[in-house]
Amino acid sequence: MVLIIVDTLGAKHLSIYDSTLDTSPNLLRWSNEGMVFDRAYSSAPWTKPSIASIMTGLRPKQHSVTGLNSVLPDKMLTLAEVAKKQGYYTSGI
(Lines give C-alpha, C1' and ligand atoms only; values in the text may rest on other atoms or scores of the structure.)
Protein backbone atom coordinates (compact mmCIF):
# COMPACT_ATOMS: atom_id res chain seq x y z
CA MET A 1 0.00 0.00 0.00
CA VAL A 2 1.30 3.44 -0.91
CA LEU A 3 -0.52 6.59 0.14
CA ILE A 4 0.64 9.77 -1.55
CA ILE A 5 -0.69 13.05 -0.21
CA VAL A 6 0.29 16.30 -1.89
CA ASP A 7 -0.81 19.63 -0.49
CA THR A 8 -1.86 22.48 -2.81
CA LEU A 9 -1.40 20.66 -6.12
CA GLY A 10 -4.24 21.40 -8.50
CA ALA A 11 -5.55 18.60 -10.70
CA LYS A 12 -5.56 20.98 -13.66
CA HIS A 13 -1.74 20.83 -13.63
CA LEU A 14 -1.50 17.04 -13.91
CA SER A 15 -1.24 15.00 -17.09
CA ILE A 16 -3.60 12.46 -15.50
CA TYR A 17 -6.44 14.92 -16.06
CA ASP A 18 -5.16 16.81 -19.11
CA SER A 19 -3.57 14.71 -21.85
CA THR A 20 -2.01 17.81 -23.45
CA LEU A 21 0.28 18.21 -20.43
CA ASP A 22 3.47 16.29 -19.77
CA THR A 23 3.87 17.43 -16.18
CA SER A 24 3.55 14.17 -14.26
CA PRO A 25 4.53 11.16 -16.37
CA ASN A 26 5.17 8.88 -13.38
CA LEU A 27 1.82 9.70 -11.81
CA LEU A 28 0.18 9.07 -15.17
CA ARG A 29 1.88 5.66 -15.37
CA TRP A 30 0.86 4.84 -11.78
CA SER A 31 -2.71 5.92 -12.50
CA ASN A 32 -2.88 3.37 -15.30
CA GLU A 33 -1.67 0.62 -12.95
CA GLY A 34 -3.42 1.63 -9.74
CA MET A 35 -6.41 3.53 -8.46
CA VAL A 36 -7.29 7.19 -8.93
CA PHE A 37 -9.98 8.91 -6.93
CA ASP A 38 -11.56 11.55 -9.15
CA ARG A 39 -14.02 12.73 -6.51
CA ALA A 40 -12.27 13.36 -3.24
CA TYR A 41 -13.67 15.40 -0.40
CA SER A 42 -11.80 16.94 2.49
CA SER A 43 -12.95 16.87 6.09
CA ALA A 44 -11.64 20.41 6.63
CA PRO A 45 -10.77 23.43 4.48
CA TRP A 46 -7.09 23.37 5.48
CA THR A 47 -4.24 20.86 5.66
CA LYS A 48 -3.61 20.11 9.32
CA PRO A 49 -7.04 18.78 10.34
CA SER A 50 -7.51 17.16 6.92
CA ILE A 51 -4.34 15.09 7.23
CA ALA A 52 -5.21 14.17 10.82
CA SER A 53 -8.57 12.91 9.51
CA ILE A 54 -6.92 10.87 6.76
CA MET A 55 -4.54 9.31 9.27
CA THR A 56 -7.16 8.55 11.94
CA GLY A 57 -10.38 8.07 9.99
CA LEU A 58 -12.03 10.59 12.30
CA ARG A 59 -13.59 13.98 11.78
CA PRO A 60 -11.73 17.03 13.17
CA LYS A 61 -14.16 17.39 16.07
CA GLN A 62 -13.33 13.81 17.09
CA HIS A 63 -9.52 13.96 16.80
CA SER A 64 -9.36 17.58 18.08
CA VAL A 65 -6.79 18.84 15.57
CA THR A 66 -8.69 22.01 14.78
CA GLY A 67 -6.30 24.88 15.44
CA LEU A 68 -2.87 26.03 14.39
CA ASN A 69 -1.23 24.75 17.59
CA SER A 70 -3.37 21.60 17.92
CA VAL A 71 -1.64 18.23 18.08
CA LEU A 72 -3.00 14.76 17.62
CA PRO A 73 -3.50 13.19 21.06
CA ASP A 74 -1.21 10.21 21.75
CA LYS A 75 -4.26 8.01 22.35
CA MET A 76 -5.37 8.39 18.71
CA LEU A 77 -4.56 5.35 16.60
CA THR A 78 -3.24 6.24 13.14
CA LEU A 79 -3.24 4.44 9.81
CA ALA A 80 0.53 3.97 10.07
CA GLU A 81 0.21 2.36 13.50
CA VAL A 82 -2.48 -0.02 12.28
CA ALA A 83 -0.40 -0.94 9.21
CA LYS A 84 2.73 -1.47 11.32
CA LYS A 85 0.83 -3.78 13.68
CA GLN A 86 -0.18 -5.81 10.61
CA GLY A 87 3.48 -6.24 9.64
CA TYR A 88 3.83 -3.45 7.09
CA TYR A 89 6.87 -1.21 6.94
CA THR A 90 5.75 2.37 7.47
CA SER A 91 7.49 5.64 6.74
CA GLY A 92 6.65 9.30 6.29
CA ILE A 93 8.53 11.79 4.17
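Calculation criteria
Residues numbered from 1 in each chain as written. Predicted model: local features only at pLDDT ≥ 70, side-chain atom pairs only at ≥ 80, totals over all residues. Heavy atoms only, no water. Helix = DSSP H or I, 4+ residues; strand = E, 2+ residues; numbered from the N terminus. Buried < 20%, exposed > 50% of the residue type's maximum accessible area, 1.4 Å probe, protein only.

Colleague: Which residues make up the overall build of the protein chain, and what values go with them?
Modeller: Within the protein chain one finds 4 helices and 0 strands. Mapped in sequence order, the helices and strands of the protein chain form the string α-α-α-α. Its C-alpha atoms put the protein chain at 45 × 35 × 20 Å along the principal axes. Counting every position in the protein chain, which comprises 93 residues, the buried fraction comes to 18%.

Colleague: Residues and numbers for unusual backbone geometry, please.
Modeller: It is generally the case that most residues other than glycine have a negative phi and that most peptide bonds are trans. Although it is not a glycine, Thr8 sits at a positive phi angle of roughly 60 degrees. By the secondary structure assignment, Thr8 is in the segment before α1 (25-33). A positive phi angle, near 70 degrees, is found at Ser64, a position not held by glycine. With respect to the element layout, Ser64 can be found in the loop between α3 (60-63) and α4 (79-85).

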